[in-house]
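Each chain, letter by letter, is given below.
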Amino acid sequence: MDVFLQDQKKKGRIQQKERTAWVVYDLTNNNYLLSINSNRSFQAASMIKPFVALAFFHQVDKGKMTYTPQHRHMMEAMIQQSDNAATNWFIRQLGGPARCEALLKKEYKQIFRQVKMTEYIPPGGRTYRNSAQPSEYIQFLKALWNNQLP
């Protein structure tokens, strides 16, 4: 893998000083096939959206929120079209970034240890303060695969 990464840097596809993480996980056999920097935090960008969806559906599952046709429409916009305004709408519904992060860390502490949700997605979509570790994405996907999430 190091040879591949160095080659990509030489070709200018990855900047020399850029930090990257690479994770390949086999859900059917429950094991890592490749893990590079999976326990380092990175800017989450749109990858925060599935976590926002989990926080929302957790609240629905606990009877604290309702999944209405409007919620479905906004969820589809957030997940299918990567709509930042829809994501911010859900974050607002959940009480803001800090409350969304707190819910995830409290209710899903086996998954979320280092996730940081400190801001709404700003105009233009350039977000730098929300972060997560690739290993958290793997744990999230494992739980989803094993039907352990609402």
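Residues numbered from 1 in each chain as written. Predicted model: local features only at pLDDT ≥ 70, side-chain atom pairs only at ≥ 80, totals over all residues. Heavy atoms only, no water.

Concerning the overall build of the protein
Quick reminder of the rule: Where helices and strands are cited, they refer to DSSP runs of H or I of at least four residues and of E of at least two residues respectively, numbered from the N terminus. Between buried and exposed lies partly exposed: a residue is buried under 20% and exposed over 50% of the maximum accessible area for its type, with that area taken using a 1.4 Å probe on protein chains only. In what follows, residue pairs with any heavy atoms lying within 4.5 Å of each other are defined as contacts.
Secondary structure assignment for the protein yields 6 helices and 4 strands. When the elements of the protein are put in sequence order from the N terminus, they spell out α-β-β-β-α-α-α-α-β-α. Projected onto the principal axes, the alpha-carbon positions of the protein cover approximately 50 × 40 × 25 Å. Burial statistics for the protein: of 150 residues in total, 40% are counted as buried. Sequence-distant contacts, at least 24 apart, represent 54% of the contacts inside the protein between residues at least 6 apart.

Observations concerning the packing of aromatic side chains
Defined as follows: Paired rings are identified among Phe, Tyr and Trp, the last through its six-membered ring, by centres lying within 6.5 Å, and are further divided according to the angle between planes into stacked (under 30 degrees), edge-to-face (over 60) and tilted (the rest).
One pass over the structure, following the stated rule, counts 10 aromatic pairs. Seen in terms of ring centroids, F51 and F140 are 5.4 Å apart; in terms of plane orientation they differ by 70°. Their pairing is edge-to-face. Residue F51 is located in helix α2 (residues 49–61), and its partner F140 is located in helix α6 (residues 134–145); the two are separated by 89 residues in the primary sequence. For the pair formed by F51 and F140, the shared burial category is buried. Judged by centre distance (5.1 Å) and plane angle (70°), the ring pair of F57 and Y67 falls under edge-to-face. Of this pair, F57 sits in helix α2 while Y67 sits in the loop between α2 and α3 (69–80), and the two are 10 residues apart along the sequence. Taking relative accessible area as the criterion, F57 reaches 22% and is therefore assigned partly exposed.

Thoughts on the nonpolar core
The line we're drawing: Among buried residues, the Ala, Val, Leu, Ile, Met, Phe, Trp, Tyr and Cys ones that are joined through side-chain atoms within 4.5 Å form a nonpolar core.
Grouped together as the largest cluster of nonpolar side chains are 31 residues, with contacts concentrated most on F51, V52, F90, L104 and F112. Of all the elements in the fold, those that place two or more residues in this core are α2, α3, α4 (84–93), α5 (97–107) and α6. Top element by residues in this core is α2. It accounts for 6 residues. Once residues lying within four places of it in the same chain are set aside, the contact partners of L104 are F51, L54, A55, K109, F112 and M117.

Some points on the packing of α2 against α3
Short version of the rule: To obtain each axis, a line is fitted to C-alpha atoms, and for helices this fit is confined to the stretch in contact; angles are then taken between N-to-C directions over 0 to 180 degrees. Working definition: roughly parallel below 35 degrees, roughly antiparallel above 145 degrees, roughly perpendicular at 65 to 115 degrees, and oblique for all remaining angles. Each crossing gets its handedness from the near helix: less than a right angle anticlockwise from the far helix is left-handed, clockwise is right-handed. Any residue that is not Ala, Val, Leu, Ile, Met, Phe, Trp, Tyr, Cys, Pro, Asp, Glu, Lys or Arg is counted as polar, Gly included; the first ten are nonpolar and the last four charged.
Between α2 and α3, whose axes approach to 10 Å, the crossing angle comes to 160°. One element, α2, and the other, α3, form an angle in the roughly antiparallel class. The hand of the α2/α3 crossing is left-handed. Taking contact as the criterion, the partners of K49, P50, V52, A53, F56 and F57 in α2 are, on α3, H71, M75, M78 and I79. Each residue belonging to the contact of α2 with α3 can be placed in one class, and the counts come to 8 nonpolar, 1 polar and 1 charged.

Read these as layout, nothing more, since geometry by itself doesn't imply function.
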